[in-house]
Amino acid sequence: MIELSPGHKAHFTAKWARTMTKWLITKSSRAKVRWRFVEFGGVTGSESYGIVDIIAVRKNHKTNKPGLKRGDLLDIILIQVKGGSAPRPIESDLDRLISVAKHHRARAVVLAEWKKGKRLNLHVLSGREWVECDPVDVFR
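Residues numbered from 1 in each chain as written. Predicted model: local features only at pLDDT ≥ 70, side-chain atom pairs only at ≥ 80, totals over all residues. Heavy atoms only, no water.

Caption draft 1: Here's a closer look at the overall build of the chain. Within the chain one finds three helices and six strands. Relative to the 2.2 N^0.38 estimate, which gives 14 Å for 140 residues, the radius of gyration of the chain is 16 Å and therefore close to what a compact globule would have. Dimensions of the chain, computed from the C-alpha atoms along their principal axes, are close to 60 × 30 × 30 Å. Residue burial in the chain is summarised as follows: out of 140 residues, 36% are buried. Contacts in the chain between residues far apart in sequence, at least 24 positions, make up 52% of those at least 6 positions apart. Entry remark: accessible area of the chain is about 9,500 Å², with carbon and sulfur atoms responsible for 56%. The centroid of the 27 positive side-chain charges in the chain is displaced by 8 Å from the centroid of its 14 negative side-chain charges. (Helix = DSSP H or I, 4+ residues; strand = E, 2+ residues; numbered from the N terminus. Rg over C-alpha atoms; globule rule 2.2 N^0.38 Å. Buried < 20%, exposed > 50% of the residue type's maximum accessible area, 1.4 Å probe, protein only. Contact = heavy atoms within 4.5 Å. Areas by Shrake-Rupley, 256 points an atom, 1.4 Å probe, with all protein chains shown as cover. Lys, Arg positive; Asp, Glu negative; His and termini not counted. Charge placed at Lys NZ, Arg CZ, Asp CG, Glu CD.)

Structure representation (structure tokens):
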């Protein structure tokens, strides 16, 4: 078996963490309108600047507001992905996530944690705390 350098191992783990996150969301969504994903990676597929790794977005067919038609509005969920031994977001990261969520009027902020050989765990930001959640509850 080939031994990877720490940089290559981190790149590989991050890529798999993002892939597993999108797979779990797609698999658990019961909605008729599919979630679409926008991934923010660098040119080589590695990490990129910014606090948000993935945006899950779909058309909102339930909301009817004056002057708008069904499907005009979007549901947005911001996702930060951590793979392997990457640490959880620190206090300043929480401040940034909360500011970005308010700016874009995101429905939720989700932390996805994946380790090779283990189940992917999702946590939703509630106030300033990460609360473990079932993907069906967030991506309904």
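Caption draft 2: Structural detail: the pairing of strand β6 (residues 129–133). Sheet topology places strand β5 (residues 121–126) next to β6; five bridges connect them, and they run antiparallel. Its bridge partner lying in β6, L122 is registered against C133. As consecutive antiparallel partners, β5 and β6 are separated by two residues, and within that stretch G127 has a phi angle of approximately 70°, a positive value. (Pairing = 2+ DSSP bridges.)

Caption draft 3: How the structure looks around helix α1 (residues 6–28). Here α1 spans 33 Å end to end across 23 residues, near enough to the 33 Å set by a 1.5 Å rise per residue. Within α1, burial applies to T13, A14, A17, R18, T21, L24, I25 and S28. Where α1 is buried, its residues touch β1 (36–39), β2 (54–60), β3 (73–83), β4 (108–114), β5 and α3 (135–138). (Expected span 1.5 Å × (residues − 1).)

Caption draft 4: Layout of the nonpolar core. Formed by 18 residues in total, the largest nonpolar core has its most connected members in I77, I79, V110, L122, V138 and F139. Counting residues per element, the ones that place at least two in this core are α1, β2, β3 and β4. If one sorts the elements of this core by residue count, β4 sits on top with four residues. In this structure I77 touches W35, I54, I55, A56, R107, A108, V110, V138 and F139, once residues within four positions along its chain are discounted. (Core = buried A, V, L, I, M, F, W, Y, C linked by side-chain atoms within 4.5 Å.)

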